[in-house]
Amino acid sequence: MLKSRLESLLAQTSLQLTELQISQLVTLVEQLDKWNKAYNLTSVRDPMEMLVKHILDSLVVSPYLQGERFIDVGTGPGLPGLPLAIINPDKQFVLLDSLGKRITFIRQVCHLLKLDNVTAVQSRVEKYQPEQLFDGVISRAFASLQDMLNWCYHLPANNGKFYALKGLVPEQELENLAEGLKLQRIESLVVPELEGQRHLVIIDKNNP
Ligand SMILES: C[S@@+](CC[C@H](N)C(=O)[O-])C[C@H]1O[C@@H](n2cnc3c(N)ncnc32)[C@H](O)[C@@H]1O
């Protein structure tokens with residue numbers, strides 16, 4: 001049931017996935033459902049609803065990612081980072097959250113799915129000092145844009161980008177961007193069968 005529903009949702013997008021990637025995404029939803037009660041991972045309880053609200057909502061960001069190294073900050077149970085890592089095995093993803101249970105969940109799923117392009121890190125983002133900077137900093141349902149940019153300013157490499165998934169366009173939050181930050185564009189995202197607006201705010205960082 002989950003697999004055929006996912007295939008019909010994917011058919012409404014331009015995304016081309018392999019059989020392995022589809023089966024990994026189905027397993028991810030099954031694991032979210034299995035561990036949700038114990039780990040309080042998401043308020044979405046119905047696995048069919050998770051396909052739209054978590055999996056498709058994450059995957060639609062994929063065509064916009066430029067570069068090879070990404071960090072998903074405030075990833076929770078790995079959203080959008082895990083779906084993006086599954087369909088981009090050639091890119092590296094650090095999934096960061098301050099809550100240990102969520103990081104434990106991500107590590108279990110990576111082990112189960114044999115994902116070798118994901119590193120899960122438990123830390124507050126303000127304190128996290130990576131050995132190597134990132135081409136992109138991704139976030140969904142994490143913080144206001146201003147807070148995200150303040151707390152994560154140290155993470156992108158020169159010419160790196162911020163990718164913030166938002167409902168409504170956060171126009172006020174785009175005023176007075178810090179030095180070196182520039183709004184590149186706001187993409188309107190189409191998530192099959194999801195009610196409400198979705199936007200991807202892309203901000204460029206050029207080191208002053
Ligand atoms: C509302 S959840 C969103 C989770 C996921 N991104 C999603 O879209 O479902 C926000 C997450 O951010 C994490 N978080 C909040 N402040 C943080 C911080 N300063 N550093 C790291 N993680 C943080 C919380 O633990 C929580 O898992």
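No experiment lies behind these values; they were computed from the predicted model shown. Every chain is numbered on its own, with residues counted from 1 as its sequence reads. Predicted model: local features are reported for residues with pLDDT of at least 70 only, side-chain atom pairs are reported and counted for 80 or more only, and whole-chain, interface and lining totals are derived from all residues. The basis for every side-chain value is the complete set of non-hydrogen atoms in the structure, without hydrogens or water.

**Q** Could you clarify how one ought to interpret the layout of surface pockets in this entry?
**A** The pocket and cavity definitions rest on a 1 Å grid over protein atoms only: a 1.4 Å probe that fits but cannot leave marks a cavity, an open set with protein on both sides within 12 Å along at least five of seven lines marks a pocket, and residues lining either have an atom within 4 Å of a point. Grid points are joined across faces, edges and corners, and a volume is the space filled by probe spheres set on the points. What the largest pocket holds in volume is close to 320 Å³. Lining of the largest pocket is provided by 22 residues; of these, Gly74, Thr75, Gly76, Asp97 and Arg102 occupy positions nearest its centre. Tallied by class, residues from the lining of the largest pocket come to ten nonpolar, seven polar and five charged. Taken as a whole, the second largest pocket encloses approximately 150 Å³ of empty space. Gly counts as polar in this scheme, as do all residues outside two lists: the nonpolar Ala, Val, Leu, Ile, Met, Phe, Trp, Tyr, Cys and Pro, and the charged Asp, Glu, Lys and Arg.

**Q** What is the right way to read the packing of aromatic side chains from this model?
**A** Aromatic ring pairs are reported here in terms of the distance separating the ring centres and the angle at which the planes meet. Pairing of aromatic rings covers Phe, Tyr and Trp, the last through its six-membered ring, and needs centres within 6.5 Å; plane angles under 30 degrees mean stacked, over 60 mean edge-to-face, and all others mean tilted. Summed over the entire model, instances satisfying the criterion amount to four aromatic pairs. Measuring from centroid to centroid gives 6.4 Å for phenylalanine 70 and tyrosine 163, while their planes differ by 55°, and the two rings are tilted. In this pair, phenylalanine 70 sits in strand 1 (residues 69–73) while tyrosine 163 sits in strand 5 (residues 156–166), placing the two residues 93 residues apart along the sequence. Relative accessibility under 20% of the residue-type maximum defines a buried residue, over 50% an exposed one, and the middle range a partly exposed one, all with a 1.4 Å probe and only protein chains included. Under the relative-accessibility criterion, phenylalanine 70 is labelled buried at 0%. With centroids separated by 5.7 Å and ring planes inclined at 75°, the aromatic side chains of phenylalanine 142 and tryptophan 151 adopt a geometry described as edge-to-face. Using a relative accessible area of 25% as the deciding quantity, one classes phenylalanine 142 as partly exposed. By relative accessible area, which is 28% here, tryptophan 151 ends up partly exposed. A run of H or I in DSSP becomes a helix once it reaches four residues, and a run of E becomes a strand once it reaches two; helices and strands are each numbered from the N terminus.

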